[in-house]
Amino acid sequence: MSATEIITFGCRLNAFESEVIRRAAAKAGLRDAVVINTCAVTAEAERQARQAIRRARREHPAAMIIVTGCAAEIAPERYAALPEVDRVLGNQAKLEPRSYLPAPHSTPPPRAGEGREGAMNGCEAKTRAYLQVQQGCDHRCTFCIIPYARGPSRSVPMGVVADQARRLVAAGCREIVLTGVDLTAYGADLPGMPSLGQMVRRLLAALPELERLRLSSLDPAEIDSELWRLLAEEKRLMPHLHLSLQAGDDLILKRMKRRHSRTEAIAVARRARALRPEVALGADLIAGFPTETEDMFRRSLDLVAECKLAFVHVFPYSARPGTPAARMPPVPGPVVKERAARLRAAGEAALAAELALRVGGETDVLIERPGKGRAEFYAAVDFAAPAATGAVRRMRLIDSNRNSLVGVPVP
């Protein structure tokens, strides 16, 4: 091999950072290497990463094997001890070109929690780019190891965000997605403590040429009043909210150390629809959290319908050593697996129902590749008419299936 191969596990932020890694490695001149960008959210994610490391060494015996990401940040010695691994990098170091020089740089690369520089990926095919505006987390949900891997919350200054977004738009990008570990915590560490909503308003005002702005996962307890106003008033802010709900039972939410209740989660969903009727909602949900009874689980299952969640991400609970939840009475593994399957089935049914309701309407579709695009409300749209990648086309929705809509261009 000659080019650097990147293998990614975990969240959208990790996927975004893998593109930053690709550019950093190229800038450093790294060749004949495999970079495994790990995830620490579940034990299964770490098991798959270790499998990928062993497979990379078998398939590329002469390559340099570099391990980074959250699992490597939390336990670097564990991965450094693997005979297949040549180098281990923390989460901040993985974004630095110097980390990929042939020999380690004389100055140690920064570890998690030391940097606040924003990062962005390239605008592939002039469609969508991801812009990281926040890193780390100050909260301590009892199931989550990520604050230990990503460090405390740090926000990218508003001027830097605007400058980076301007570069992406100048490169032809039609849609920017703002990302972060705890996106709604944006600004608490900056002078004047600007909220996420205030930053978004200023960003849109500074870039009238930006056509579409989308947000990644939001904590329902932290959505500020300015962001609510933008959802109602600013059509360039896409009508799609992904909520970090995690559960639908109040006692489980309390044991998770979440800061919202079931009633508040439902209220957030209703408020979003009242302000922007065309909005589509998604959510993260955990199945089989310790002490979860069947009745408690059913309240999470029912939340899919009560909040009309079209895009559901299901995580089977996995104990992370060092977290409070790991010391709580566990739910048996087969039960966790079965509940996760039921949650996924409910999510699939909810998506199919949501798409069916959209048939007959119209939406602007960002063309991602021939025959495929993304609606304003995030749903995938298939179409047969010729359309240039990167174009935004108005389409009438004429049919749906379980996973996507079918559209035809509006004359």
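As the structure is a prediction and not an experimental result, all values here were calculated from the model.

The rules behind the values
Residues numbered from 1 in each chain as written. Predicted model: local features only at pLDDT ≥ 70, side-chain atom pairs only at ≥ 80, totals over all residues. Heavy atoms only, no water. Helix = DSSP H or I, 4+ residues; strand = E, 2+ residues; numbered from the N terminus. Buried < 20%, exposed > 50% of the residue type's maximum accessible area, 1.4 Å probe, protein only. Axes fitted to C-alpha atoms, helices over the stretch in contact; angles between N-to-C directions. Parallel < 35°, antiparallel > 145°, perpendicular 65-115°, else oblique. Contact = heavy atoms within 4.5 Å. Pairing = 2+ DSSP bridges. Salt bridge = Lys/Arg side-chain N within 4 Å of Asp/Glu carboxyl O. Core = buried A, V, L, I, M, F, W, Y, C linked by side-chain atoms within 4.5 Å. Left-handed = near helix turned anticlockwise from the far one by under 90°. Nonpolar A, V, L, I, M, F, W, Y, C, P; charged D, E, K, R; others polar. Arc of directions from axis to C-beta.

A. Highlighting unusual backbone geometry. The phi angle at Lys-257 is positive, at roughly 65°, despite the residue not being glycine. Along the chain, Lys-257 falls in the loop between helix 9 (250-256) and helix 10 (262-275). Given a relative accessible area of 53%, Lys-257 falls into the exposed group. For Tyr-378, which is not a glycine, the phi torsion comes out positive at approximately 85°.

B. Looking closely at the packing of helix 8 (residues 225-233) against helix 10. Between helix 8 and helix 10, whose axes approach to 8 Å, the crossing angle comes to 40°. Judged on the interaxial angle alone, helix 10 and helix 8 are oblique. Here Trp-228, Leu-231 and Ala-232 of helix 8 come into contact with helix 10, specifically with Val-268, Arg-271, Ala-272 and Leu-275.

C. Examining the environment of Ala-205 more closely. Looking at the element boundaries, Ala-205 is found in helix 7 (residues 196-206). We classify Ala-205 as exposed; its relative accessible area is 63%. Distance from Ala-205 to Leu-303, taken between C-alpha atoms, is 36 Å for residues 98 residues apart in sequence.

D. The arrangement of the sheet that holds strand 4 (residues 87-88) in detail. The parallel open sheet is built from four strands, whose spatial order is 1-2-3-4. Strands with a single pairing partner mark the edges of an open sheet, and in this sheet they are strand 1 (5-8) and strand 4. Helix 1 (residues 12-27) contacts strand 1, strand 2 (33-38) and strand 3 (64-69) of the sheet and is inclined by roughly 165° relative to strand 1.

E. Quick look at the pattern of salt bridges. By the definition in use, this model includes 35 salt bridges. A salt bridge links Glu-211 to Arg-174; the nearest nitrogen and oxygen atoms lie 2.3 Å apart. One end of the pair, Glu-211, is in the loop between helix 7 and strand 10 (212-215); the other, Arg-174, is in the loop between helix 6 (158-170) and strand 9 (175-179), with 37 residues separating them in the sequence. Since its relative accessible area comes to 33%, Glu-211 is described here as partly exposed. Beyond isolated ion pairs, a larger network of salt bridges with shared partners links Arg-128, Glu-175, Arg-212, Arg-214, Glu-368 and Arg-374.

F. The pairing of strand 11 (residues 240-246), seen in detail. Of all the seven residues making up strand 11, seven are buried; the element is thus mostly covered by neighbouring parts of the structure. The two faces of strand 11 match: His-240, His-242, Ser-244 and Gln-246 on one face and Leu-241, Leu-243 and Leu-245 on the other face are all buried. In this structure, strand 11 lies alongside strand 12 (residues 280-287), joined through six bridges in parallel fashion. Counted as the bridge partner of His-240 is Ala-280 from strand 12.

G. Main features of the nonpolar core. Ile-176, Leu-178, Leu-213 and Leu-218 are the most contacted members of the largest nonpolar core, which totals 56 residues. In this view, Leu-213 contacts Ile-176, Leu-178, Val-200, Leu-203, Leu-204, Arg-236, Leu-237 and Met-238; residues no more than four positions away in its chain are not counted.

H. Examining the packing of helix 11 (residues 294-306) against helix 12 (residues 333-358) more closely. Two elements in contact, helix 11 and helix 12, have axes separated by 9 Å at closest approach and are oriented at 20°. Regarding the angle of helix 11 to helix 12, the classification is roughly parallel. Regarding helix 11 and helix 12, the two cross each other, and that crossing is right-handed. Between helix 11 and helix 12, the residues in contact are Glu-294, Phe-297, Arg-298, Ser-300, Leu-301 and Val-304 and Arg-339, Arg-342, Leu-343, Ala-346, Gly-347 and Ala-350, respectively. A per-class count over the contact of helix 11 with helix 12 returns six nonpolar, two polar and four charged.

I. How the structure looks around helix 7. For helix 7, the set of buried residues is Leu-196, Gly-197, Met-199, Val-200, Leu-203 and Leu-204. Viewed along the axis of helix 7, the buried residues span an arc of 160°, placing them on a single side of the element. Among the exposed residues of helix 7, those oriented more than 90 degrees off its buried face are Arg-202 and Ala-205. The inward-facing, buried residues of helix 7 abut helix 6, strand 9, strand 10 and helix 8.

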